[in-house]
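Residue strings, one per chain:
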Amino acid sequence: MFSKTVVIFLILVTTASAASTVDIRLGLAQIYALPYGGWDWGDYDASNNKRAYVSDIGYEIAFNDWSANFDLRTLILPGEENSVAVIADLQGRFYFSKAPVRVYVAPGLGYNHTEKRMPTWVGPAGRSKRDYFRFPVTFGVKAVSGNKYLDICYRIAPEVPMGDLGDHYFDEARDFYLEQAIEGEFGWAFSKHFGMTGKAGAVKGNYATTINSGEDASAYVPFVEIGPSIYF
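Residues numbered from 1 in each chain as written. Predicted model: local features only at pLDDT ≥ 70, side-chain atom pairs only at ≥ 80, totals over all residues. Heavy atoms only, no water.

K.L.:
Please clarify how the overall build of the protein should be interpreted in this entry.
P.N.:
Across its full length, the protein carries two helices and 11 strands. Counting over 232 residues, the protein shows a buried share of 38%. For the protein, the accessible surface area stands at approximately 13300 Å², while carbon and sulfur atoms represent 68% of it. (Helix = DSSP H or I, 4+ residues; strand = E, 2+ residues; numbered from the N terminus. Buried < 20%, exposed > 50% of the residue type's maximum accessible area, 1.4 Å probe, protein only. Areas by Shrake-Rupley, 256 points an atom, 1.4 Å probe, with all protein chains shown as cover.)

K.L.:
Is there a simple way to explain the pairing of strand β10 (residues 194–204) in this structure?
P.N.:
Along a regular strand, successive side chains alternate from one face of the sheet to the other. Sheet analysis places strand β9 (residues 177–189) next to β10, joined by 10 bridges and oriented antiparallel. If you follow E183 over to β10, its bridge partner there is G201. Between β9 and β10, which pair antiparallel and follow one another directly, the connecting turn spans four residues. As judged from the 10 bridges shared by β10 and strand β11 (residues 221–231), these two strands associate in the antiparallel manner. Across the sheet, the residue bridging to G198 is I226, located in β11. (Pairing = 2+ DSSP bridges.)

K.L.:
I tried to follow the nonpolar core on my own but got confused; where do I start?
P.N.:
It is characteristic of soluble globular proteins that their nonpolar side chains tend to be buried jointly. Counting 13 residues, the largest nonpolar core has A29, I31, A52, L75, L77 and V221 as its most contacted members. If sequence neighbours within four positions are ignored, A29 has contacts with K50, R51, A52, V54, L75, V221, P222 and F223. (Core = buried A, V, L, I, M, F, W, Y, C linked by side-chain atoms within 4.5 Å. Contact = heavy atoms within 4.5 Å.)

K.L.:
What is the right way to read the packing of aromatic side chains from this model?
P.N.:
To describe a pair of aromatic rings, you give the distance between the ring centres and the angle between the ring planes. Inspection of every chain in the model, using the stated rule, returns six aromatic pairs. Measuring from ring centre to ring centre gives 4.6 Å for F63 and W66, while their planes differ by 20°; the resulting arrangement is stacked. With a relative accessible area of 36%, W66 lands in the partly exposed category. The interplanar angle of 70° and the centroid separation of 5.4 Å between the aromatic rings of Y177 and Y207 together place this pair among those described as edge-to-face. On the criterion of sequence distance, the pair formed by Y177 in strand β9 and Y207 in helix α2 (residues 207–213) is long-range, its members being 30 residues apart. An aromatic cluster of three or more residues is present, and its members are Y132, Y177 and Y207. Above the face of the Y104 ring, R93 is positioned so that its terminal group lies 3.9 Å from the ring centre. Over the ring of Y149 we find K142, and its NZ or CZ is 4.5 Å from the ring centre. (Phe/Tyr/Trp six-rings, centres within 6.5 Å; stacked < 30°, edge-to-face > 60°. Lys NZ or Arg CZ within 6 Å of the ring centre and 35° of its normal.)

K.L.:
Please explain the side chain of D71 as it appears in this structure.
P.N.:
Mapped onto the elements, D71 comes out in strand β3 (residues 66–77). Polar side-chain contacts of D71 include one of 2.7 Å to the side chain of R73. When neighbours within four sequence positions are excluded, D71 is seen to be in contact with D56, I57, G58, I87, A88 and D89. (Polar contact = N/O pair within 3.5 Å; in protein donor to acceptor, adjacent residues only side chain to side chain.)

Have a look at this one:
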């Protein structure tokens, strides 16, 4: 009993001594149609242009030389073949330099749950539901100047399936995907407890973007989002 109490006390003291941040962002993503044959830029199917809604909730506990980051992202594509993806990543960010320019690497574990409405030749449309384990690794540079910062990073995240990969309504999922993303994030603290964060970038290669882009659309999905930050 005493040992458990000591462990809980140390966890609480350690957490209380760290700086915590909650980021809440909303934004848009765009999947662009490719020209027929890949060459004639004046001839393409505009219906392959798809606008998606994105949301991003992040929580960070920061110490001197490292931090723990949890990120929950949602991608929603409306329309006849609507799709919803929920991606959660937990990463430890380790810094190799001091402010104002901090170089870091952030390995972690994650989860991707994606549902897509799949049309069929007969009968009502069904939904394909897939779950993937993720193993993200992020490399980045964070520049800090007073109450502002700029964070530029590159992320790779292998995805491997959970459970059976049998065809679900013609959804031929693979047993391996590799997400690649480049992101830029700008933060500005207006006061001790509140600020604003904006993020922009492009992502490709994970299961959610691959099944929605396909051969008739660009593999890269650019996005932009903005929202408030709360500091503790």
